[in-house]
Amino acid sequence: MNEQAVVAAQVGRPLRADVEVASRCHLGLPVVVAVPPLLDDGTPFPTRFWLSCPLAVRRVARVESAGGVRRLEAFIGSEPGLRGALAEADHRYASERDALLSPEASRKPSGGIGGNRGDGLKCLHAHYADTAAGNPNPVGGMVRPFVEPLDCSEPCVRAEGDEVGRNPEWVEPR
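Now for a quick tour of the structure. (Residues numbered from 1 in each chain as written. Predicted model: local features only at pLDDT ≥ 70, side-chain atom pairs only at ≥ 80, totals over all residues. Heavy atoms only, no water.)

## A word on the sheet that holds strand 3 (residues 49-51)
Okay, so step 1: Read across the open sheet, the three strands follow the order 1-2-3; overall the sheet is antiparallel. Strand pairing shows two members of the sheet lacking a second neighbour, strand 1 (20-24) and strand 3, which therefore form its edges. With direction set aside, neighbouring strand axes in the sheet form an average angle of 35°.
Okay, so step 2: The pairing of strand 1 with strand 2 (residues 30-34) spans four bridges and is classified as antiparallel. (Pairing = 2+ DSSP bridges. Helix = DSSP H or I, 4+ residues; strand = E, 2+ residues; numbered from the N terminus. Axes fitted to C-alpha atoms, helices over the stretch in contact; angles between N-to-C directions.)

## Observations concerning the pattern of salt bridges
Okay, so step 1: Per the stated rule, a full pass over the model turns up ten salt bridges.
Okay, so step 2: Where Arg-58 meets Glu-172, a salt bridge forms, and the shortest distance between an N and an O atom there is 3.3 Å. Taken together, the residues span a long stretch of sequence, with Arg-58 in helix 2 (residues 54-65) and Glu-172 in the segment after strand 5 (163-166) at a distance of 114 residues.
Okay, so step 3: Classification of Arg-58 as partly exposed rests on a relative accessible area of 37%.
Okay, so step 4: Residue Asp-130 is joined to Arg-92 by a salt bridge in which the shortest nitrogen-to-oxygen separation is 2.5 Å. Of the two residues, Asp-130 is situated in helix 5 (residues 124-132) and Arg-92 in helix 4 (residues 80-98); the sequence distance between them amounts to 38 residues. (Salt bridge = Lys/Arg side-chain N within 4 Å of Asp/Glu carboxyl O. Buried < 20%, exposed > 50% of the residue type's maximum accessible area, 1.4 Å probe, protein only.)

Function-wise, these values are silent; they only describe arrangement.
This is the structure in structure tokens:
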């Protein structure tokens, strides 16, 4: 199966740049993809690791809708060690992303994880994706128990001939 088509089917729209798979589920499908810092049209893109797995996206969305961003911001704000670890994760993320840019690039993404500029947390999806890609991220680590295991019995996408699309038989495992 064409990896780009699989990810496009997972996210439900055409991709704006070629991506590389950063982590996979037990069924061999992408969970996280690495996105270049500049999209195909030259738009700067701050999010290096994008969560493509529909199950993980759904589960992180539940954490966010239950006030997870606000709660984690308050918790991290009260813990100097966590604030420092998050600042290190943001710095690492931005440095790794920016190292992929040509020195001649006139447009560059900014911020850390999910474009964060030190003004609180942004998208928990981006933090979890960073963790699932194998990086040290205190927020992603705290979200992980609410997302995993990613234990689907049916793949979220399937191929029929040359066409790749969402699998209508896929359901969220309980």
